[in-house]
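Below are the chains, spelled out letter by letter.
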Amino acid sequence: MPDSMDARCLKCGSTQQVKTYESINISKDPSLKEKVLDGSLFTWTCPHCGTVNLVTAPTLYHDPEGRLMVWLMPQGALTGAQAEAVEKSMEAVSLSMRNDPSMDGYTLRRVDSVGELIEKVNIHEAGLDDVAIEMCKYVTRIEMNLSEAAFKFYRLEGPDNDIIFTYPKDGKMMGVKTGFKVYGDCCGILSRNPAVRPAPGFARVDAQWLSERMA
Ligand SMILES: [Zn+2]
């Protein structure tokens, strides 16, 4: 169910009531998945100046069939009390899931931005493991000497399922390709080193998290 909040246009400062989603269940409402993937669920257009603004509200993305929950907590957008309330809900949900065997095998993640949410859903839709993907990025950054590049998984491509990462450079979006074998190798490393896996609950799995594990 959509809620609403008063949002302020970043460009002209006028306020507008915009739709927000505390949680979305894509089995109940499959049309929302596309709107998450193209980002349109999280943007609003200012009626006064036409600027496209981001909605800055927390949202829980739930894919019951894919057994995925991703909690979006937009960084810096919440008051201390709001953030605390979301943290409490996260703890309650992860605790109740831990005590319910029918919830086994769920992937629980937290992200700070819409872009990261889209990436998590993309990775999941491609049938891939996000921890192994972070490891692939790490390896690819080193191999290609792009240590500063903020890679995002874009998609699998071609008959060999090459992995395409994108990253911003000088205001443009660049792409790099890495072989699926790298992904397979990373999955192998992970299965031999289960301690690299995130702790139970809504874990943050990103480049920084992985580099702390690899250190
Ligand atoms: Zn405006």
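**A look at helix H5 (residues 180-192)**
1) Next: Given a rise of 1.5 Å per residue, 13 residues ought to cover 18 Å, and the 19 Å separating the end C-alpha atoms of H5 matches this to within 8%.
2) Next: Within H5 the residues assigned to the buried category are Val182, Tyr183, Cys186, Gly188 and Leu190.
3) Next: Against helix H4 (130-143), strand S10 (162-169) and strand S11 (172-178) lie the buried residues of H5.

**Description of the pattern of salt bridges**
Side chains carrying opposite charge are able to pair once their charged atoms draw close together.
1) Next: Scanning the entire structure with this criterion turns up ten salt bridges.
2) Next: Here Arg110 ties to Glu87 by a salt bridge, and the two come within 2.9 Å at their closest N and O atoms. Separated by 23 residues along the polypeptide, Arg110 in strand S8 (residues 107-111) and Glu87 in helix H2 (residues 80-98) bring together distant segments of the chain.
3) Next: Residue Arg110 is classed as buried on the basis of its relative accessible area of 16%.
4) Next: Close ionic contact of Arg109 with Asp130 constitutes a salt bridge, the shortest N to O distance being 2.6 Å. Pair noted here: Arg109 is in strand S8 and Asp130 is in helix H4, with a separation of 21 residues, a long-range link.
5) Next: Look at Arg109 and you get buried, because its relative accessible area is 7%.
6) Next: Look at the salt bridges and you will find they share partners, linking Arg109, Lys120 and Asp130 into a network.

**As for the packing of aromatic side chains**
1) Next: Here the structure, examined in full by the defined rule, presents four aromatic pairs.
2) Next: Look at Phe180 and Tyr183: their rings are 5.2 Å apart centre to centre, the planes differ by 45°, and that puts the pair in the tilted class. Residue Phe180 and its partner Tyr183 are both found in helix H5; the two are separated by three residues, about one turn of the helix.
3) Next: Among the aromatic residues, those joined into a cluster by ring pairs are Phe151, Phe165 and Tyr167.

**Here we look at the sheet that holds strand S7 (residues 68-72)**
1) Next: Ordered by their spatial adjacency, four strands build an open sheet running S3-S6-S7-S8, and the pairing between neighbours is mixed. Both edges of this open sheet fall to strand S3 (23-25) and S8, since each of them pairs with a single strand only. If you compare each strand with its neighbour and ignore which way they point, the axes differ by 15° on average.
2) Next: Two elements, S7 and S8, share five bridges in a ladder whose sense is parallel. Considered in S8, the bridge of Leu68 is made with Thr107.
3) Next: In the packing of H2 onto the sheet, contacts are made with S7 and S8, and the angle to S7 comes to roughly 170°.

**What to know about the coordination of the zinc ion**
1) Next: At the metal site, the zinc ion is ligated by Cys9 (SG), Cys12 (SG), Cys46 (SG) and Cys49 (SG), and these contacts range over 2.3 to 2.4 Å.
2) Next: With four donor atoms in place around the zinc ion and angles of 104 to 113° between them, the coordination shape is tetrahedral.
3) Next: The sequence motif formed by the donor residues of the zinc ion is C-x2-C-x33-C-x2-C. Placement of Cys12 in the loop between strand S1 (2-8) and strand S2 (15-21) and of Cys46 in the loop between strand S4 (43-45) and strand S5 (52-54) is noted, with a sequence separation of 34 residues between them.
4) Next: Take Cys12: its relative accessible area is 39%, and that puts it in the partly exposed class.

The rules behind these values
Residues numbered from 1 in each chain as written. Predicted model: local features only at pLDDT ≥ 70, side-chain atom pairs only at ≥ 80, totals over all residues. Heavy atoms only, no water. Helix = DSSP H or I, 4+ residues; strand = E, 2+ residues; numbered from the N terminus. Expected span 1.5 Å × (residues − 1). Buried < 20%, exposed > 50% of the residue type's maximum accessible area, 1.4 Å probe, protein only. Contact = heavy atoms within 4.5 Å. Salt bridge = Lys/Arg side-chain N within 4 Å of Asp/Glu carboxyl O. Phe/Tyr/Trp six-rings, centres within 6.5 Å; stacked < 30°, edge-to-face > 60°. Pairing = 2+ DSSP bridges. Axes fitted to C-alpha atoms, helices over the stretch in contact; angles between N-to-C directions. Donors = N, O, S within 2.8 Å, 3.2 Å for Na, K, Ca; no water. Tetrahedral: all angles 85-135°; square planar, octahedral: opposite > 155°, others 65-115°.

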